[in-house]
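Residues per chain, in single letters:
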Amino acid sequence: MATSSHRLKTHTQQQPPPQPRTQPRPQQPNCRSNTNAKRRKRRETLAPHVVSSDGPWCCATSSSVAASPPHARRAPAVIPQDQAEAVLIAEVPPSASSSPLPMDASPAASPAASAAATFSSPYPPYPSSYSKFNSALNAGLLNPMSPPPPPPLDKTRSSPTLFDMMANEQDYHPRPAVPPQLPLPGRAGAALAAASAQDRQLLLQERVAEIIGSCSPGNQLNDAESGDVRLTLSSKDGLTVSLNVHRNILVAHSRFFAAKLSDRWSKQQRSLPHIVEISDCDDVEVYVETLRLMYCKDLRRRLMREDVSKVLGILKVSASIAFDAGVLSCLEYLEAAPWAEDEEEKVASLLSQLHLDSSGAEEVLKRVSLEMATCDAEEPNGGNGGEEILVRLIQVVLEGKDEKARREMKGLVSKMLRENNTASQCGGMGGGGGANRGGDLSKESLYSACDGCLRQLRHHFALAAASDLIEAAQIARQADNLHWILDILIDRQIADDFLRTWACQAELSEMHPRVPAIHRYEVSRVTARMFVAVGKGQILVSKEARCLLLRTWLEPFYEDFGWMRRACKGLDRHLIEDGLANTILTLPLATQQEILLAWFDRFLNAGDDCPNIQRGFEVWWRRAFWRRNGEPDQQPPVLRITAAAAACENSC
C-alpha cells in the first residue's frame, strides 16, 4: 500500500468481546444479514485512529470525519493512498498484540456473532499496548503536546538492521557531556571580562543608589543642583562612582579635603562643578557611607544601624581622610557594641595599624588587652595578677556551698587552666615566653591548695573516727576537692609529689576502718585515680613509692570498692581494675606474688565487692612459672653480645 520511503500502516481499535449472557438470546430472523449491514454502516461512518509524526500522537485520518467516542466499536475503513502516506506508525512486536482469537469470538458467543467474527479485514487488529496508550491519552494521563517516543525495535529479529541502527543512532551512541568551557582567548575572552566588569559596575551603582536613597529628607548628598564638586571614586579593580558633593561640607569635616580643596585651589578652577577624583579606594561603597556621615547631624545614631565589620571599614576611611568626628563616633560605637569572637582580632589589628592618638582607641583596646587596662596602675607582686585571680577562683570553688554550681564551675576552671597550659607550652616552644601573659598557675600554687584540702580531710576524718559525725559530710567534700586538684596535676604532668604525699598518709589509713563507709568511700576514689594514672604511665615514680602506695591504701581500697561501685555514678569499674592490675605488675615479681595471692583469697570470698584483676593474675602466673618452665635454658643475651664483641676484637 505504501509508495513512499516510509512504511505506513493504519490500525483500528478492536472490538471488545461481548459479555456472556446467562440466558440464551432468542433467534432473530435474518440475523446474519442484519449484523453485516450494521457493521458495513459502521465502517463507512467511523474513521480509524492513527499515529502521526507530524502532529499530535492520535488524530483522525480525515478532518471531515468526526471522531467517535472511545467506547464505540471501530471497524477498519478504506483510507485513500494520498492520506495514508502522511501517517507513520511503528511496528509492534507480536508479543504485544492480542490473543490469536478474534475479539468478537468467544466460547459463549451466539452463532450470529461467530459468523460475524469470520469477517476478514485487510488491516491487522490493534495491539493491546496501543489500546492502553490510546485510553491513557483520552483520559488525560499523557501530554499530547510532548514529542512522540522513538519507535521500538522489532524484537522478532535476531539483530537490528542497518536502517534501525541509523534511525536509533542516539540510543546506541548517546551524545557525550559538554566539557566545561575554558577561558576564551583573544577578543572573546576580553568581551567576557568586560561583561563581568559591567555587571559588577551595575551592582555597585545599585548599592550606591540604596545608600543615597536611605538618607533623611533634606539631605543634599548627590544633589546635582546645589553640588559644586563632582567627586569620582574609583576602586583598584576599575569600578567607579561619581557623586555631586559640596565643597564647604567636605572642608568643614575633613582635614584632608580642607588641604586639597583650599580657597586657592578653588579660585584656580574655571568652571563648576569642580572635578575631583580619588583613585585606588579599597571599598567604594564604604567610602560613600563615610561621605554620607558628613551630611548627618547625629553620627552615633546613624552607626547604630550598621554591624561591626561595616563600622571598622568606615573607621579606616575616616582615619585616612582625617574625618575626626567619624573616627570618634566609630570608636564610641566599638567601645559600647558587643563583638563576636572572630571580630575581636579584627578590631585589635585595625586599631594597632591606625595608631590613633584619640583616647577612645585606648578605651576600645581595654576590652581585649590586659596591658592597656593596667597601664595606669602598678600591679603588686611583680605583675602576677593573672595567677592571683586563678588562685582565687580555685579557692572559691573549693569553698562553695552549692554542689551543682561547684560541679559546673570545676569544669569551667579546668577548661580555662587546660587552655592556659596549652598556650604556655606553645609559647615556650615558639620562644615567645609570654604567651599566657602571667595568667597561668604555678606548681606551688596548686600544691598549696592541695595541702589545705588535705589538712581539712585529716581533721574531719579524725572527728568521724572518734564517733563525732556532725561534720562527717566534709570528708566526702574534701576528698572530692582532692580528686579535682589531682586531675589538674595529672593533666599538667606534675602529680609525682602528690602521690608520694598520699602514700605517706599512714595515720589516715589507720583511722579508715573506724569511719562509716558511707562517709569514707570518696577517699578511696582518690586512691583509684592514682592507680589509673600509674597504670597508664601518667605518673612515674620510684618502685619504693609505688610499693608504699599499695601498702598504705590497697586494703582500704578493697573495703570501699563495693560502696564505690554502687554509690558513684558513672564509675568505670574496668578502667580502675586495669589500672590496679598494671600498677601491681610494675613491682618486683615477689611483691606481685604476695599481693595477687592475697587478692585471690579475697576475691573468692567477696565476689563483686572486690575488684576483678584476673588479667593481672594471669600475667603474673605466666611470668613466674609458664615461661620459666616451658622455655629451655638459654645463654643470656648479654653474654652473647659480649662474646660477639670479643670475637670482633680478635679478628681486628
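Up top you'll find the structure we're talking about.
Residues numbered from 1 in each chain as written. Predicted model: local features only at pLDDT ≥ 70, side-chain atom pairs only at ≥ 80, totals over all residues. Heavy atoms only, no water.

A.B. asks: Which parts of the structure should I look at to understand the packing of aromatic side chains?
C.D. replies: Aromatic ring pairs are described here by two measures, namely the spacing of the ring centres and the angle between the planes. Overall, the coordinates contain 15 aromatic pairs when judged by the stated rule. Summarising the aromatic geometry, the rings of Phe600 and Phe617 are spaced 5.2 Å apart at their centres and angled 25° between planes, so their arrangement reads as stacked. Here Phe600 is found in helix α27 (residues 589-606), whereas its partner Phe617 is found in helix α28 (residues 614-630), with 17 residues between them in sequence. Linked through ring pairs, Trp599, Phe600, Phe603, Phe617, Trp620, Trp621 and Phe625 together constitute an aromatic cluster. Positioned above the aromatic ring of Trp339 is the side chain of Arg367, whose terminal nitrogen or guanidinium carbon lies 3.8 Å from the ring centre. (Phe/Tyr/Trp six-rings, centres within 6.5 Å; stacked < 30°, edge-to-face > 60°. Helix = DSSP H or I, 4+ residues; strand = E, 2+ residues; numbered from the N terminus. Lys NZ or Arg CZ within 6 Å of the ring centre and 35° of its normal.)

A.B. asks: Would you mind going over the side chain of Arg292 with me for this structure?
C.D. replies: Note that Arg292 resides in helix α11 (residues 284-294). Using a relative accessible area of 3% as the deciding quantity, one classes Arg292 as buried. Residues contacting Arg292, with those up to four places away along its chain left out, are Ile211, Ser214, Cys215, Leu221, Arg302 and Glu306. (Buried < 20%, exposed > 50% of the residue type's maximum accessible area, 1.4 Å probe, protein only. Contact = heavy atoms within 4.5 Å.)

A.B. asks: Can you help me understand the sheet that holds strand β3 (residues 229-235) in this one?
C.D. replies: The strands that make up a sheet pair up through hydrogen bonds in the backbone, lying either parallel or antiparallel. Taken in spatial order, the three strands of this open sheet run β4-β3-β5, and their pairing is mixed. The sheet terminates laterally at β4 (240-245) and β5 (274-281), the two strands that pair on one side only. Ignoring which end each strand starts from, the neighbouring axes of this sheet average 20° apart. The sheet strands contacting α11 are β3, β4 and β5, and the helix crosses β3 at an angle near 150°. (Pairing = 2+ DSSP bridges. Axes fitted to C-alpha atoms, helices over the stretch in contact; angles between N-to-C directions.)

A.B. asks: So what exactly am I meant to see when it comes to the nonpolar core here?
C.D. replies: Taken as a class, soluble globular proteins show a tendency for nonpolar side chains to be buried jointly. Judged by nonpolar contacts, the single largest core of 72 residues is most densely connected at Ile394, Leu457, Leu482, Phe498, Trp502, Phe557 and Leu580. For this core, the two domains that each supply at least three residues are domain 3 (388-420) and domain 4 (442-574). When sequence neighbours within four positions are dropped, the list of residues in contact with Leu457 reads Ile475, Gln478, Ala479, Leu482, Trp502, Leu508 and Val523. Grouped together as the second largest cluster of nonpolar side chains are 52 residues, Leu233, Leu291, Leu293 and Trp339 included. (Core = buried A, V, L, I, M, F, W, Y, C linked by side-chain atoms within 4.5 Å. Domains from an automatic or database assignment.)

A.B. asks: Before we go on, may I ask you to explain the environment of Lys536 in this structure?
C.D. replies: Assignment of secondary structure puts Lys536 in helix α24 (residues 517-536). Note on Lys536: relative accessible area 52%, which makes it exposed. Sequence separation between Lys536 and Asp578 is 42 residues; the distance between their C-alpha atoms is 9.2 Å.

A.B. asks: What exactly am I supposed to notice about the pairing of β4 here?
C.D. replies: Consecutive side chains along a regular strand alternate between the two faces of the sheet. Both β3 and β4 contribute to a ladder of six bridges, which runs antiparallel. Among the inter-strand pairings, Arg230 is bridged to a residue of β4, identified as Asn244. As consecutive antiparallel partners, β3 and β4 are separated by four residues, and within that stretch Gly238 has a phi angle of approximately 95°, a positive value.

A.B. asks: Just checking my understanding: could you explain a negative patch on the surface for this structure?
C.D. replies: The grouping of Glu341, Asp342, Glu344 and Glu345 at the surface amounts to a negative patch. Mapping Asp342 onto the fold places it in helix α15 (residues 341-354). Asp342 gets classed as exposed once you look at its relative accessible area, which sits at 52%. (Patch = residues over 30% accessible without salt bridge, like charges linked within 9 Å, V, L, I, M, F, W, Y side chains within 5 Å. Areas by Shrake-Rupley, 256 points an atom, 1.4 Å probe, with all protein chains shown as cover. Salt bridge = Lys/Arg side-chain N within 4 Å of Asp/Glu carboxyl O. Lys, Arg positive; Asp, Glu negative; His and termini not counted. Charge placed at Lys NZ, Arg CZ, Asp CG, Glu CD.)

A.B. asks: How should I be thinking about the packing of helix α22 (residues 496-503) against helix α25 (residues 543-567) in this particular structure?
C.D. replies: When two helices pack together, their arrangement is given by the angle between the helix axes and by the axis-to-axis distance. Axis separation between α22 and α25 bottoms out at 8 Å; the angle between their running directions is 45°. Classified by the interaxial angle, the pair formed by α22 and α25 is oblique. You can see that α22 and α25 cross each other, and the crossing is left-handed. Contacts between α22 and α25 involve Leu499, Arg500, Trp502 and Ala503 from the former and Ala545, Leu548, Leu549, Thr552 and Trp553 from the latter. Looking at the contact of α22 with α25 residue by residue, the classes come out as seven nonpolar, one polar and one charged. (Parallel < 35°, antiparallel > 145°, perpendicular 65-115°, else oblique. Left-handed = near helix turned anticlockwise from the far one by under 90°. Nonpolar A, V, L, I, M, F, W, Y, C, P; charged D, E, K, R; others polar.)

A.B. asks: Whenever I open this one, the packing of α25 against helix α26 (residues 573-585) confuses me. Can you help?
C.D. replies: Two elements in contact, α25 and α26, have axes whose closest approach is 13 Å; the angle formed by their N-to-C orientations is 165°. For the element pair α25 / α26, the angle class is roughly antiparallel. As α25 runs across α26, the sense of the crossing is left-handed. Between α25, through Leu550, Leu554, Phe557, Tyr558, Phe561, Met564 and Arg565, and α26, the contact on the second element is made entirely by Arg573, Ile576, Glu577, Leu580, Thr583 and Ile584.

A.B. asks: Looking at this structure, how should I read helix α13 (residues 308-320)?
C.D. replies: Counted at 1.5 Å a residue, the expected span for α13 with its 13 residues is 18 Å, and the 19 Å between its end C-alpha atoms agrees. Regarding α13, the residues found buried are Val308, Val311, Leu312, Ile314, Leu315, Val317 and Ser318. Phi turns positive one or two residues past the end of α13, at Ala322, with a value near 55°. (Expected span 1.5 Å × (residues − 1).)

A.B. asks: For this particular structure, what's the right way to read a nonpolar patch on the surface?
C.D. replies: A cluster of nonpolar side chains, namely Ile389, Leu393, Met409, Leu412 and Met416, defines an oily patch on the protein surface of about 410 Å² accessible area. Of all the elements in the fold, those that place two or more residues in the nonpolar patch are α18 (385-399) and α19 (403-430). For the nonpolar patch, the element with the most residues is α19, which contributes three residues. Positionally, Met409 belongs in helix α19.

A.B. asks: Would you take a moment to explain α27 for this structure?
C.D. replies: Think of an α-helix as 3.6 residues a turn; residues three or four steps apart then line up on the same face. Between its first and last C-alpha, α27 extends 25 Å over 18 residues, near the 26 Å set by a 1.5 Å rise per residue. Considered for burial, the residues of α27 that qualify are Gln592, Ile595, Leu596 and Trp599. Burial along α27 is one-sided: seen end-on, the buried residues are contained in an arc of 95°. Opposite the buried face of α27, by more than 90 degrees, sit the exposed residues Ala590, Glu594, Leu604 and Asn605. Immediately downstream of α27, the backbone of Gly607 shows phi near 70°, a positive value. (Arc of directions from axis to C-beta.)

A.B. asks: I tried to follow the pattern of salt bridges on my own but got confused; where do I start?
C.D. replies: It is possible for side chains of opposite charge to pair when their charged atoms get near one another. Summed over all chains, the structure comprises 25 salt bridges. Among the ionic pairs, Asp324 bridges to Arg255, the shortest N-O distance being 3.0 Å. Highlighted residues: Asp324 in helix α14 (residues 324-336) and Arg255 in helix α9 (residues 255-260), separated in sequence by 69 residues. You can call Asp324 partly exposed: its relative accessible area is 42%.

A.B. asks: Explanation requested: the side chain of Asn244 in the structure shown.
C.D. replies: Within the fold, Asn244 resides in strand β4. Within the structure, the side chain of Asn244 is placed 3.0 Å from the side chain of Arg230, a separation counted as a polar contact. Beyond its immediate sequence surroundings of up to four residues, Asn244 is in contact with Gln220, Leu221, Asn222, Asp223, Ala224, Val229 and Arg230. (Polar contact = N/O pair within 3.5 Å; in protein donor to acceptor, adjacent residues only side chain to side chain.)

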